[in-house]
Structures are given as C-alpha cells and as structure tokens.
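# Structural characterization, general
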Amino acid sequence: MAYELKEAFRVAMAFAKAGHEELFAAALDLFDALCRGSGLAPFATVAKTFRSWRGEIVAYATTGGASNAWAEAVNHLIKNQKRQAHGYNSWAGFRGQMLWCFATEVVDPDTGEITALRLVPRGQGPRFARAS
C-alpha cells in the first residue's frame, strides 16, 4: 500500500513539473483521500500536513517549480561561516571572508583584471567580487 501511495504522489508531481495546475490540484485531492483511507499512520500524517500547506504546494506547479531553495542554501552557508568567524571585529573583515568563501572570481577595480578568487591570498589583491 505504501508503494502505491508513493507512486500516486509521483504521478501528482509529474503533473506539477509539467505545469498542469488543475491536474496537480486534482491529483493532490486524490492522494489526500488515498492517504486518509489507507490506514497507514505515516501517510495520514502526510495528508494532514499537505492539507495545511496546500496553497504553497499548489504554488509549486503555478510557478513552474520555483522555490526559494537557492536563497535558503546561501543563507545557511553564510550562517555557517558566521559561526566560525572568530575574531572578525569589523564588517569589512566579515564581508571579505564571505566573498573569499563564496565568490569564484574577483575583479580588480583599478585594472579590470579578472582573477580566480582562490588564487588571491586572503587580505590581498582585488577588492570586488563577482559570481562567474
């Protein structure tokens, strides 16, 4: 039964990924009914959670799968670096560490030269970073 429910959800997600909002909403309704009728406690819990987050879940199909996952991942990485930022007594030092950790290339503002950031010693060289 659990396998069949998982497969039903995969079908629903296929509709979402294809951008079929109405089919996705109908498939979610069917999945909800199947979960509640299954008698499996974990799937009943999933169905309850999906009902609580229905608007956000349907928005996945509406936006073509857009999410804020990238922004959340960057926030997580920055917070991890912040936890390790022992001894930074200025914003410039912390900013420099963030740029050194996450940027891939830097541009020297005086010459316009682009250099791989990992080749620049910390605290020296170009001052502006840009993503490659």
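As shown above, the structure is provided for reference.
Heads up: these notes are all about the structure in this document.

This part takes up helix α2 (residues 21–38). Helix length check: α2, at 18 residues, gives a terminal C-alpha distance of 25 Å against a target of 26 Å (1.5 Å per residue), a fit within 8%. Buried residues of α2: F24, A25, A27, L28, F31, D32, C35 and S38, and no others. Along the axis of α2, the buried positions cluster into a sector of 160 degrees, meaning they face one direction only. Facing away from the buried side of α2 by over 90 degrees, the exposed positions are E22, L30, R36 and G37. Considering only its buried residues, α2 is in contact with α1 (2–18), α3 (41–52) and α4 (54–62). Positive backbone phi, approximately 80 degrees, marks G39, located one or two places after α2.

Turning next to the nonpolar core. In this structure, A12, M13, A16, F24, A27, L28, I57, V58 and A61 together form the largest nonpolar core, which totals nine residues. Contributions of two or more residues to this core are made by α1, α2 and α4. V58 has contacts with F24 and L28, leaving out every residue within four places of it along the chain. Grouped together as the second largest cluster of nonpolar side chains are five residues, F31, C35, F43 and A47 included.

According to the stated counting rule, one finds three aromatic pairs in the structure shown. Here the aromatic rings of F9 and F50 are separated by 5.4 Å at their centres, their planes lie at 40 degrees, and the arrangement is tilted. Linking F9 in helix α1 with F50 in helix α3, this pair joins segments that are 41 residues apart in sequence. When its relative accessible area of 25% is taken as the criterion, F9 is described as partly exposed.

Here is what the cut-offs are and how they apply
- Residues numbered from 1 in each chain as written.
- Predicted model: local features only at pLDDT ≥ 70, side-chain atom pairs only at ≥ 80, totals over all residues.
- Heavy atoms only, no water.
- Helix = DSSP H or I, 4+ residues; strand = E, 2+ residues; numbered from the N terminus.
- Expected span 1.5 Å × (residues − 1).
- Buried < 20%, exposed > 50% of the residue type's maximum accessible area, 1.4 Å probe, protein only.
- Arc of directions from axis to C-beta.
- Contact = heavy atoms within 4.5 Å.
- Core = buried A, V, L, I, M, F, W, Y, C linked by side-chain atoms within 4.5 Å.
- Phe/Tyr/Trp six-rings, centres within 6.5 Å; stacked < 30°, edge-to-face > 60°.

Keep in mind that these numbers describe shape and distance, not what the molecule does.
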